[in-house]
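Overview (structure and organization)
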Amino acid sequence: MIYTQYLETLKGNFAALSDERKKQLLRIQKIRKREVLVIASAISKGPQAAIDQTDLLPIYDQLETLKGTALDVILETPGGSGETTEDIVRLLRKGRNEVNFIIPGVAKSAGTIMVTSGDDILMGPLSSLGPIDAQVQRDGKLFSAEAFIEGLNRIKEETDKNSYLNRAYIPILQAISPGEIEAARNALKFGKRLAASWLQQYKFKHWETHQSDGRNVTEQEREERAKEVAERLGAHSEWLSHNRSIKIEDLQKMGIRVTNYEDVPELADAILRYHIVLQMSFETNIYKVYETPTSQILRFQGAPPPANQPMQELQWQCPSCKNLLKLQLNFVPNVPIQHGRLPFPPDNKLTCPVCKTQSDLSPVRLHLEASSKRKIL
């Protein structure tokens, strides 16, 4: 009933959602006795939610507020760039002898690769990883590198079988360069190599004896096991779908030790509550969250206006009825409100004209004014 309770008390209230997230993060930090950082994306909001280079600065900024040598990372992501994932892990591990990953929901693709760099992985009933599969971008859209290569292979197999090329494939193939094909293949190899390297270096460093006979584990055995697990995580013949969920039981069968946070009821309650409030936050215009118990950076849909632009349109979706509203943000005086737009509320309290739900836009104002370095009038 926690979700129902939060829907009744927090929905559409930015300030209350933020306060509750902080409260639950502080609980997690106290229970775990180590610092906590959140790297989370609204998975339903498309390519902008993917891991990319723009994540590095906010993560670095939030890490600057943390001084301990042990860190828990709450991760929620659809995946993205393997190269950026490597850079993020370097930031997380710098000066720390222990980094763990808490997965309340999903960490797919490059998110799964990132998780292999953890000393421990904490998961629960709603948690899932996904097959290792870097993403490639074409025409502004993200695609599975594996699916891209597999589609080309199917065209080749069909052509070989029929001894001719189906004309319907010609415009598709003409739009693909050899460089894109090679980049997709390299992305797949890169992801598996990263996972194997991190599993050996971090996840399996505590594997010291064989359970079967008590023999000491050699470094070569750690390396071989890491490569085997990385290959299985990237084996699409086994998982079949880029979006397939890899659960605790699947990881345990591969020989990966995973901590089930349900075994600690107070921790499970705090993680569940944080996860629910995070998802409710993503029902607003927020699409990325980087935060600690005492600081945060939020990303909102809608780019800041150019310095000489007198006003900007902001699209806002009511969290209750999903009605899409167009708000006009004026940066200079006496700019008339255009037809079909609503003025940005001076008190930051927006009431939906359809369902009358009130939303607090204070964090939106702060974000837009900070990013544009201009005041909304």
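Structure's up top.
Structural notes, computed from the coordinates. Bear in mind that the values here come from a model prediction, so they are computed numbers and not experimental data. (Residues numbered from 1 in each chain as written. Predicted model: local features only at pLDDT ≥ 70, side-chain atom pairs only at ≥ 80, totals over all residues. Heavy atoms only, no water.)

1. With respect to the sheet that holds strand β14 (residues 342–343)
The strand order across the open sheet formed by three strands is β12-β13-β14, and the pairing between neighbours is mixed. Taken across any chain shown, the strands that pair with only one partner, and hence form the sheet edges, are β12 (311–317) and β14. (Pairing = 2+ DSSP bridges. Helix = DSSP H or I, 4+ residues; strand = E, 2+ residues; numbered from the N terminus.)

2. Some details on the pattern of salt bridges
One pass over the structure, following the stated rule, counts 15 salt bridges. In this structure, D55 engages K288 in a salt bridge whose closest nitrogen and oxygen atoms are separated by 2.7 Å. Residue D55 is found in the loop between β1 (35–41) and α3 (56–63), and its partner K288 is found in strand β10 (residues 286–291); the two are separated by 233 residues along the sequence. A relative accessible area of 3% places D55 in the buried class. (Salt bridge = Lys/Arg side-chain N within 4 Å of Asp/Glu carboxyl O. Buried < 20%, exposed > 50% of the residue type's maximum accessible area, 1.4 Å probe, protein only.)

3. Structural notes on the pairing of strand β5 (residues 120–123)
Side chains of β5 alternate between two faces, with D120 and L122 and I121 and M123 buried alike. Sheet topology places strand β3 (residues 98–103) next to β5; four bridges connect them, and they run parallel. Across the sheet, residue F101 finds its bridge partner in β5, namely I121. Relative to strand β9 (residues 259–260), β5 runs parallel, the two sharing two bridges. Residue pairing across strands places M123 opposite N260, the latter belonging to β9.

4. Details of the sheet that holds strand β11 (residues 296–300)
Note: strands within a sheet are paired through backbone hydrogen bonds, in either parallel or antiparallel orientation. The sheet built from seven strands is open, its strands ordered β9-β5-β3-β2-β1-β10-β11 with mixed pairing. Pairing within the sheet leaves two strands with one partner each, and these edge strands are β9 and β11. As defined by bridge partners, strand β2 (residues 70–76) adjoins β3 across five bridges and the pair is classed as parallel. Within β3, the position partnered with L71 by the bridge is V99.

5. Details of the nonpolar core
In terms of nonpolar packing, the biggest core is built from 43 residues, with L92, F101 and I103 touching the most fellow members. When neighbours within four sequence positions are excluded, F101 is seen to be in contact with V73, L75, L92, M114, V115, S117, G118, D120, I121 and L122. (Core = buried A, V, L, I, M, F, W, Y, C linked by side-chain atoms within 4.5 Å. Contact = heavy atoms within 4.5 Å.)

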